[in-house]
Amino acid sequence: MKLYRFLTGDDTSAFCHKVSAALAKGWELYGEPSYAFDASNGVMRCGQAVTKEVPGEYAPDLKLGEQ
């Protein structure tokens, strides 16, 4: 099955590390990154979709970050 996650965070190195950690665990980039201004918090926010093929069947209680 193919899993999908959308990673988000403030525009800091912590967000880059979050994406890098997912890539190190076998997740693959999916589409272009997004970048938007969060007016309520006054910061730029980033987003990146990632996907991963894993064995088994999907269940709503699946912990995606642990895959």
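Keep in mind it's a predicted model, so treat the numbers as computed, not measured. The residue numbers shown here count from 1 along each chain, following its written sequence. Side-chain atom pairs in this predicted model are given and counted only at pLDDT of 80 or more, local residue features only at pLDDT of at least 70, and totals for whole chains, interfaces and linings cover all residues. No hydrogens and no water enter the side-chain calculation; it runs on all heavy atoms of the structure.

*Asks:* Would you take a moment to explain the nonpolar core for this structure?
*Replies:* Burial of nonpolar side chains together is a common tendency in soluble globular proteins. What is meant by a nonpolar core is a set of buried Ala, Val, Leu, Ile, Met, Phe, Trp, Tyr and Cys residues, joined one to another through side-chain atoms within 4.5 Å. Only protein chains enter the accessibility calculation, which uses a 1.4 Å probe; a residue is then buried when its area is under 20% of its type maximum, exposed when over 50%, and partly exposed in between. In terms of nonpolar packing, the biggest core is built from 9 residues, these being Leu 3, Leu 7, Phe 15, Val 19, Ala 22, Trp 27, Cys 46, Val 50 and Val 54. Under the scheme used here, helices are H or I runs from DSSP no shorter than 4 residues and strands are E runs no shorter than 2 residues, and both carry numbers assigned from the N terminus. Elements supplying a minimum of two residues to this core: β1 (2-10), α1 (13-24) and β3 (43-53). Per element, the largest residue contribution to this core is 3 residues, and it comes from α1. Here, two residues are considered to be in contact whenever any of their heavy atoms come within 4.5 Å of each other. Among residues more than four places away in sequence, those in contact with Val 19 are Leu 7, Leu 29 and Gln 48.

*Asks:* What is the right way to read the pattern of salt bridges from this model?
*Replies:* Oppositely charged side chains may form a pair once their charged atoms are brought near each other. A carboxyl oxygen of Asp or Glu within 4 Å of a side-chain nitrogen of Lys or Arg is what we treat as a salt bridge. In this structure the tally under the stated criterion is 1 salt bridge. Here Arg 45 and Asp 10 are joined by a salt bridge, their closest N and O atoms 2.9 Å apart. With Arg 45 in strand β3 and Asp 10 in strand β1, this pair connects stretches of sequence that are 35 residues apart. A relative accessible area of 34% places Asp 10 in the partly exposed class.

*Asks:* Sorry, what's going on with the sheet that holds β3 here?
*Replies:* The strands making up a sheet are joined through hydrogen bonds of the backbone, oriented either antiparallel or parallel. Across the sheet, which stays open at both edges, the 3 strands sit in the order β1-β3-β2 with antiparallel pairing between neighbours. Pairing within the sheet leaves two strands with one partner each, and these edge strands are β1 and β2 (28-38). Recorded for the sheet is a direction-independent mean angle of 15° between the axes of neighbouring strands. Helix axes are fitted to C-alpha atoms over the stretch in contact, other axes to C-alpha atoms as well, and angles between N-to-C directions run from 0 to 180 degrees. Along the sheet, α1 contacts β1, β2 and β3; its crossing angle with β1, the most-contacted strand, is approximately 160°. A pair of strands is labelled paired if DSSP reports no fewer than 2 bridges between them.

The values are spatial; any link to function lies outside them.
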